[in-house]
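If you want the building blocks of each chain, they are given just below.
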Amino acid sequence: MTQRFLRRIEVPIDADATYKNDHWTNRDLIPMPVERRTYAIWSYFIYWCISGMCISAYTTGSTLLAYGLTPQQAIGALVIGGFCTGLLSVACGWMGERHHIGFTVSSRFTWGMRGAYFPVLIRTFTWDGLQAYWGGQGTYGTTLIALLTTIFNRDQTLAGGVLYTKDLIGMIIYYIFFIAIMRIPPERLQKPFIVSSILFGGTLIGLLAWGVSNAHGSGTLFKEPGNPAHGSIGWSMMFAITSVLGAWGGGTLGQSDWTRYANRPYAPTLSQMVAAPVTIIVTAVVGIVVTSCGDQILGEVIWQPFSLLARIQDFYGGSPRARAGVFFAGLGCVCAQKYLNIRRGAYVLAALGMLSNPWQYLSNASTFLTVLSGFGIFLAPFTGVMLADYLVVRRCVIKLEDCYVGDSTSLYWYWHGFHWRALLAWVIGVFPTMPGFIMSVRDATAYNSWIRIFNIAFFVGLAVSFAAFWLICIITPPPGVGVGLTYHDETRAFGDREEASSSRASTGDEKHVEVEEKEV
């Protein structure tokens, strides 16, 4: 009975497959075959219209005003953060472009076959929940209420008053929509991406037109002095840059999940260097201008887009024109979520996202920015370790077939499947910024040297972990450095341990086996 059930839930396998399903291999984990590499240069531009033109970008920009920066200062921080995001996307996506593997597999040669689960889970746990919460606000809390103003009591709350009941219902409705979208394989998402980007682009244009036309300009905040937290403009701007990098840290770290679908070399590079910063900056600037105009029109700084849409509807007395505008704006935001992933993993992450209580992140602007920077505390060291290992220590040379062998014959088994060098470097990278993060969470008014380090958490975590891993590998080199190829060999099979072992023997590669035995 149990065996029959397990066979029924096995991941489907291609009819002409040269691999077998096991703990380490399935059709979504092997290097992308040629027929599934459907992303051209324009495809990655459209991808960044989803990843950069999204609610995260809008909210990051508008939040900086609520945090006390002037619009000019906020835009300056966004420009720097956007271009840094583009550079990190190129660096982190290189292994997907050259080896056609995703983040899950690429983590194996850095963290070990078993240790690879650690960065994968940390990267996606909380961010998916936040995206779903925004989707829920747009689905029920804005779009449906714009159609039927009496559909639900807006003021009913849960979770100590932090979570509106309508938002929870919307989140559940949105997850149903999300599950339906997951039926589309990633290599066929270009057309849904186009639809989503058009809808959200229309929302941005509509909000901008409403704000500028009614405020007769960019709003009063562009003419007022800022009041940055703790009175330091420089550190507040660094905190803003860190928030941008923290917001896209998971996306840049996992760029290989998308670059593996490239139909030719360098297809993703141009969009990563140009489209990534441009879409992030433009969307965030729209958020800044609309928030500034909203302050003049409505009399308050509203940094959350769905709260702004609800306030607009109330401001105009729930008129049919206002409800229609809010409906289409909310619909555009619903279709702008960007956490599309491989189907079954996405279902699990959706459940984990709900358990992460994302509504707690959005209680105020300071908390939201602290959460974004908090993401960077963990993601930046992951990025530093991965880049140091792949680009510097291994010089882009990996033995790809060993990433699918789950025993001690694998080059990347290390110590019982875990790579202690990576874990040690990651801990060293997290340590300097953790005290400031804890102090910020406990007391939002606290300000000292630890908190200033936390304000630049992404830069500190990336640089420290990068240097630490490099130094550790100089002192005690990992096994098999220089063994393998800098590209994907289309003739290799994956997932068959015996075939991988015979391939290793036929190439006369006994050196790394001896080193690996010393490692164990």
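For the structure, check the block above.
Rules and cut-offs
Residues numbered from 1 in each chain as written. Predicted model: local features only at pLDDT ≥ 70, side-chain atom pairs only at ≥ 80, totals over all residues. Heavy atoms only, no water. Helix = DSSP H or I, 4+ residues; strand = E, 2+ residues; numbered from the N terminus. Buried < 20%, exposed > 50% of the residue type's maximum accessible area, 1.4 Å probe, protein only. Contact = heavy atoms within 4.5 Å. Areas by Shrake-Rupley, 256 points an atom, 1.4 Å probe, with all protein chains shown as cover. 1 Å grid on protein atoms, 1.4 Å probe; cavity = no way out; pocket = protein on both sides within 12 Å on 5 of 7 lines; lining within 4 Å. Points joined across faces, edges and corners; volume = space filled by probe spheres on them. Nonpolar A, V, L, I, M, F, W, Y, C, P; charged D, E, K, R; others polar. Axes fitted to C-alpha atoms, helices over the stretch in contact; angles between N-to-C directions. Parallel < 35°, antiparallel > 145°, perpendicular 65-115°, else oblique. Left-handed = near helix turned anticlockwise from the far one by under 90°. Expected span 1.5 Å × (residues − 1). Bend = angle between axes of the 7 residues up to and from the residue. Salt bridge = Lys/Arg side-chain N within 4 Å of Asp/Glu carboxyl O. Phe/Tyr/Trp six-rings, centres within 6.5 Å; stacked < 30°, edge-to-face > 60°.

Draft legend 1. Highlighting the overall build of the protein. When helices and strands are tallied, the protein shows 21 helices and two strands. Going through the 520 residues of the protein one by one, you find that 56% of them count as buried. Considering only residue pairs separated by 6 or more positions, the protein has 85% of its internal contacts joining residues 24 or more positions apart. For the protein, the accessible surface area stands at approximately 21300 Å², while carbon and sulfur atoms represent 64% of it.

Draft legend 2. Region of interest: empty space enclosed by the protein. Overall, the coordinates contain three cavities of 30 Å³ or more when judged by the stated rule. Considered as a void within the structure, the largest cavity measures approximately 50 Å³ in volume. Phe103, Ser106, Ser107, Thr110, Trp111, Pro119, Leu253, Phe382 and Met386 are the residues that line the largest cavity. Tallying contributions element by element places helix H5 (residues 103-111) first for the lining of the largest cavity, with five residues. Each residue belonging to the lining of the largest cavity can be placed in one class, and the counts come to six nonpolar, three polar and no charged.

Draft legend 3. Representation of the packing of helix H2 (residues 41-51) against helix H11 (residues 269-298). Interaxial distance between H2 and H11 falls to 9 Å at its minimum, and their mutual angle equals 25 degrees. For the element pair H2 / H11, the angle class is roughly parallel. In terms of crossing hand, the pair formed by H2 and H11 is right-handed. Contacts from Tyr44, Phe45, Trp48 and Cys49 in H2 reach Leu270, Ser271, Gln272, Ala275, Ala276, Thr279 and Ile280 in H11. Split into classes, the residues belonging to the contact of H2 with H11 amount to eight nonpolar, three polar and no charged.

Draft legend 4. Here's a closer look at helix H9 (residues 233-253). Helix length check: H9 (21 residues) gives 29 Å between terminal C-alpha atoms against 30 Å at 1.5 Å per residue, within 8%. Taking the largest bend as the criterion, H9 deviates by roughly 40 degrees, centred on Ala247. Burial of H9 is extensive: 15 of the 21 residues sit out of reach of the surface.

Draft legend 5. Expanded view of the side chain of Asp295. Its place among the elements puts Asp295 in helix H11. Note on Asp295: relative accessible area 16%, which makes it buried. Apart from residues no more than four positions distant in its own chain, Asp295 is found in contact with Thr220, Leu221, Glu300 and Val301.

Draft legend 6. Unusual backbone geometry, seen in detail. Here the phi dihedral of His216 falls at roughly 55 degrees; this positive angle occurs in a residue that is not glycine. Owing to a relative accessible area of 73%, His216 belongs among the exposed residues under this scheme. With a phi close to 50 degrees, Arg395 is a non-glycine residue in the positive phi region. With respect to the secondary-structure elements, Arg395 resides in the loop between helix H15 (365-393) and helix H16 (420-430). A relative accessible area of 63% places Arg395 in the exposed class.

Draft legend 7. Structural detail: helix H4 (residues 71-99). The terminal C-alpha atoms of H4 lie 42 Å apart, and with 29 residues this matches the ideal 42 Å at 1.5 Å per residue to within 8%. Taking the largest bend as the criterion, H4 deviates by roughly 40 degrees, centred on Gly93. A positive backbone phi angle near 60 degrees is found at His100, which sits one or two residues after H4.

Draft legend 8. Looking closely at the pattern of salt bridges. By the definition in use, this model includes five salt bridges. Measuring nitrogen to oxygen at the nearest pair gives 3.2 Å for the salt bridge that ties Asp28 to Arg36. Neither Asp28 nor Arg36 differs from the other in exposure class; each is buried. A salt bridge links Glu490 to Arg37; its shortest N-O distance comes to 2.9 Å. Taken together, the positions of Glu490 in the loop between helix H19 (457-475) and helix H20 (497-506) and Arg37 in the loop between helix H1 (2-8) and H2 put the pair 453 residues apart, joining distant regions of the chain. Judged by relative accessible area, which is 45%, Glu490 ranks as partly exposed. Each of Asp28, Arg36 and Glu187 takes part in a single network of salt bridges with overlapping partners.

Draft legend 9. Spatial organisation of the packing of aromatic side chains. Enumeration over the complete set of coordinates arrives at 20 aromatic pairs. An angle of 35 degrees between the planes, with centres 6.0 Å apart, marks the rings of Phe109 and Tyr390 as tilted. Highlighted residues: Phe109 in helix H5 and Tyr390 in helix H15, separated in sequence by 281 residues. You'll find Phe109 and Tyr390 in the same group, each marked buried. By the ring-pair criterion, three or more aromatic residues cluster together here, those being Tyr39, Tyr44, Tyr47, Trp48, Phe193, Trp258 and Tyr261.

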